[in-house]
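Residue-level structure breakdown
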Amino acid sequence: MTPDGRAQLIDELDELDQPTLKTLQAVAALREIRLRDVPAVLTEQGAYVGQAIRAGVVALDGGTLRPADSRVGSAALALLNGSDRQALHRELARRSADEFDAIRQRDLATEVGQDAELALVLERAAVKAELAGRADLAVEFWSRSAGRSPRGGADRTDRELRLAAEEHRNGKFHLAAGIIEALNWDHLTGPQAERAIDLLTASVYRSHGLAAVRIRGQRLLESLPAGHPHREVLSLYLSGLGEDFGEVQRQLERALPRLRSEQYSVAFRHSNIAKLLYAKVNTGAGLDAALLEDLERLQRQLPDILLEDTVEASIAMYAYTVDDVATSRRALAALLVESEVQGDAGFRQILLVHAAQVDILMGRFDSAADRLALAESLAPQLAAVPASVRARGLLALELGHDDDLARIIGRVPETGVAPLGHLTRAALRGIGLARSGDAREAVRHLEDALSLAEKLGINEPGRRLWIEVDLARASLQVGDPDRARSLATNLHEIAERTGRALPRLQAQRIEAWLALGSEPSEAVLKRALALLVASATMEWLPERARLTTEVLRLLRDIPVDDAHRTTVTRAAHSILTLLEASVTRSALAAELARWEQSRVSSLTPSERRVAELITQGVSNKEAGEILRLSPRTIESHLRSVFLKLGISSRSQLIAQFSPVMGARAV
């Protein structure tokens, strides 16, 4: 505070009469007091509470009294000499109705210095506050105990680190970060500093995102003088938080021999190898098996590891990104149960968002919506985090909720957000435009997203929401086949480098679009059927449905023999039985109805009427009675229908004929 500011506060206090000043001093010493406790605690000063409120130096808020201005309250206490101030604290300790406040007042009333008995009292208060879930009080009393204890502050630091970890598990990320930032870094041991850096990063990331992590980490680094023992550790840690995943991968791979040695603590090595794993996922290198083995080995030496830092968590959150949806689904299911058992509310919120993304990939849109709603109810601030925006945006795209998509994209601000947030916004906007038919605008946004992804070193298609496919489609629509061809080439290169099937399939899909109109019908048919066969193992069900719809469109005007027609029809029907109601399902059902209509149109009116009745579950006898035809005639019509449609059972007839009836009804 400036000299002028102090003088102004003293002038304000000089204007108070003695009873009002003493009331302010008592309230300031207590920090706050419930109104109902005033008669017992403040005794004679209690009669002047109303006067202090009218003077504007004490405020009443929700039944609690506190200084109207903390600076004025501190200045009022500073007017007391040492012995008078200690006497005030002793009297308040005797009268206080709150156990924690009574212990605080006792500490304040005692001369500065070591006091083993008082240290034990303060330590017990800290434990009790921790058990009661009052982290702010626990930190305060651990600090007070350390100041009184002959053992010094080493125990206090370990306890505060443990407390920060507990608050992080409970989803109180702001509080966890505050505990870490309040530590005296000059007094931390190497392992304590490494643990503190890891917890600070995790908590700030959960509450404010990666950009805030970089800012606060850099601020902490700058606060440490040159030659400080923790600067090297912090610098290495920050190298794993860069915006360019390619550069992060290069720096951490250079440090990998040290991280595999005994130079750093187990927790620090584990944390940085995990960052290298994440960087490699983003750069398109997949889930590195050797790094997973490193993490598993280190994890066995970390009995108190956070659930979110486990190998199982990495697999759950990354496997679906590199096309292994089933592995992610199993890992997420187990972790959701474990997070509930451990009471790890913070990580549970993150798991719900990832589980929703897996649900979307599997076509389980109702489950995805439920998970996202639960995640937002637990932590509304997560709604603007890129992972949450991505999941909500993809769900809105699948359901055709354009207004929801616009609102979700709008949650990501234009400025002050990490590049990954900009990438997510541009990608979702571009995909939405591409699927709604605005190809030119789609190309603009998707090219922006792709450019940003390359700048960030994100070469993994799954992390880019597979925008290459929508960009290739839009490029063809605006008359730029060369761009579509180059995107297919890039996907082939990724497939060659990683050995994965999905990038190759997506590249072949783009090549099939390019072939339409430029290759003979036989070649297009061959490409389309190859795509259909290759997609049979695709776990991304909505995308498989879109690909199947495209195959049906490719084959609209191409002669197809009965065997291949049956293969295509069965593939489409199998997807429809698995996929929940969505834009993609409706498009596939409509295209399948047109496909089957081309065969159904060969039926005579009588055959069609018989087929419609059988599809509705009517028996041969009942159909004969309705149409006034003999059972033999009904059987004859059915045999003809089976031959013309290339089927051999009533269930196959229902599977083929129901979509046609639905399309006619529409």
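Refer to the structure presented above.
Treat the numbers as computed from the prediction; the structure is a model and nothing was measured.

Focus: the overall build of the protein chain
Tallying secondary structure elements over the protein chain gives 36 helices and three strands in all. Each of the 666 residues in the protein chain was classed as buried or not, and the buried ones make up 53%. Summarising the internal contacts of the protein chain: among those between residues at least 6 apart in sequence, 63% fall at separations of at least 24. When the accessible surface of the protein chain is summed, it comes to about 30200 Å², and 52% of that surface belongs to carbon and sulfur atoms. Side-chain charges in the protein chain split into 84 positive and 91 negative, and the spacing between the mean points of these groups amounts to 5 Å.

Some remarks on the packing of aromatic side chains
In total, this model carries six aromatic pairs according to the counting rule given. Taking 6.0 Å as the distance between ring centres and 35° as the angle between the ring planes, the aromatic pair formed by Phe100 and Phe141 counts as tilted. Of this pair, Phe100 sits in helix α7 (residues 99–108) while Phe141 sits in helix α9 (residues 135–148), and the two are 41 residues apart along the sequence. Considered together, Phe100 and Phe141 belong to a single accessibility category, that of buried residues. On the basis of an interplanar angle of 45° and a centroid distance of 6.4 Å, the ring pair of Trp466 and Trp540 is categorised as tilted.

Some remarks on the nonpolar core
A general feature of soluble globular proteins is that nonpolar side chains tend to end up buried together. Among the nonpolar cores identified, the biggest contains 162 residues, and Phe141, Ile180, Trp185, Leu423, Ile467, Ile510 and Leu555 are the most heavily contacted of them. For this core, the element with the most residues is helix α20 (residues 345–361), which contributes ten residues. The contact partners of Ile180, leaving out residues within four places of it in the chain, are Leu161, Ala164, Trp185, Ala196, Leu199 and Leu200. Core analysis: the second largest hydrophobic core is formed by 24 residues, Leu21, Leu65, Leu88 and Leu92 among them.

A word on the pattern of salt bridges
Pairing is possible between side chains that carry opposite charge, provided their charged atoms lie close to one another. Taken as a whole and assessed by the stated rule, the structure comprises 43 salt bridges. With a closest N to O distance of 2.6 Å, Glu543 and Arg509 form a salt bridge. Remark: Arg509 occurs in helix α28 (residues 501–515) and Glu543 occurs in helix α30 (residues 541–554); sequence separation between them is 34 residues. Take Glu543: its relative accessible area is 2%, and that puts it in the buried class. Between Arg556 and Glu591 there is a salt bridge, with the nearest N and O atoms lying 2.6 Å from each other. Highlighted residues: Arg556 in the loop between α30 and α31 (562–578) and Glu591 in helix α32 (residues 583–600), separated in sequence by 35 residues. The class of Arg556 is partly exposed, set by a relative accessible area of 48%.

Comments concerning the side chain of Arg473
Secondary-structure assignment places Arg473 in helix α26 (residues 467–477). When sequence neighbours within four positions are dropped, the list of residues in contact with Arg473 reads Arg509, Trp513 and Glu550.

Things to note about the layout of surface pockets
In this structure, the second largest pocket spans a volume of roughly 800 Å³. Forming the boundary of the second largest pocket are 27 residues, of which Ala434, Arg435, Ser436, Gly437 and Arg473 lie nearest the centre. Going through the elements one at a time, α22 (386–399), α23 (402–410), α24 (419–436), α26, α30 and α32 are the ones with two or more residues in the lining of the second largest pocket. Top element by residues in the lining of the second largest pocket is α24. It accounts for six residues. Looking at side-chain class alone, the lining of the second largest pocket contains twelve nonpolar, seven polar and eight charged residues.

Considerations on a nonpolar patch on the surface
Together, Leu35, Ile53 and Leu60 make up a nonpolar patch on the protein surface, roughly 230 Å² of accessible area in all. Tracing the backbone through its elements, the reader meets Leu35 in the loop between β1 (33–34) and α3 (38–42). The partly exposed category is assigned to Leu35, whose relative accessible area is 39%.

As for α7
Working note: α-helix, 3.6 residues per turn, so residues spaced by three or four point in the same direction. The buried count for α7 comes to seven of ten residues, which makes it a mostly enclosed element. Considered for burial, the residues of α7 that qualify are Phe100, Asp101, Ala102, Ile103, Arg104, Gln105 and Asp107. Tucked inside the fold, the buried residues of α7 contact α2 (18–30), α6 (82–95), α8 (116–131) and α9. The N-terminus of α7 is capped by Asp98, whose side-chain oxygen sits 3.1 Å from the backbone nitrogen of Phe100.

Rules behind the numbers
- Residues numbered from 1 in each chain as written.
- Predicted model: local features only at pLDDT ≥ 70, side-chain atom pairs only at ≥ 80, totals over all residues.
- Heavy atoms only, no water.
- Helix = DSSP H or I, 4+ residues; strand = E, 2+ residues; numbered from the N terminus.
- Buried < 20%, exposed > 50% of the residue type's maximum accessible area, 1.4 Å probe, protein only.
- Contact = heavy atoms within 4.5 Å.
- Areas by Shrake-Rupley, 256 points an atom, 1.4 Å probe, with all protein chains shown as cover.
- Lys, Arg positive; Asp, Glu negative; His and termini not counted.
- Charge placed at Lys NZ, Arg CZ, Asp CG, Glu CD.
- Phe/Tyr/Trp six-rings, centres within 6.5 Å; stacked < 30°, edge-to-face > 60°.
- Core = buried A, V, L, I, M, F, W, Y, C linked by side-chain atoms within 4.5 Å.
- Salt bridge = Lys/Arg side-chain N within 4 Å of Asp/Glu carboxyl O.
- 1 Å grid on protein atoms, 1.4 Å probe; cavity = no way out; pocket = protein on both sides within 12 Å on 5 of 7 lines; lining within 4 Å.
- Points joined across faces, edges and corners; volume = space filled by probe spheres on them.
- Nonpolar A, V, L, I, M, F, W, Y, C, P; charged D, E, K, R; others polar.
- Patch = residues over 30% accessible without salt bridge, like charges linked within 9 Å, V, L, I, M, F, W, Y side chains within 5 Å.
- Polar contact = N/O pair within 3.5 Å; in protein donor to acceptor, adjacent residues only side chain to side chain.

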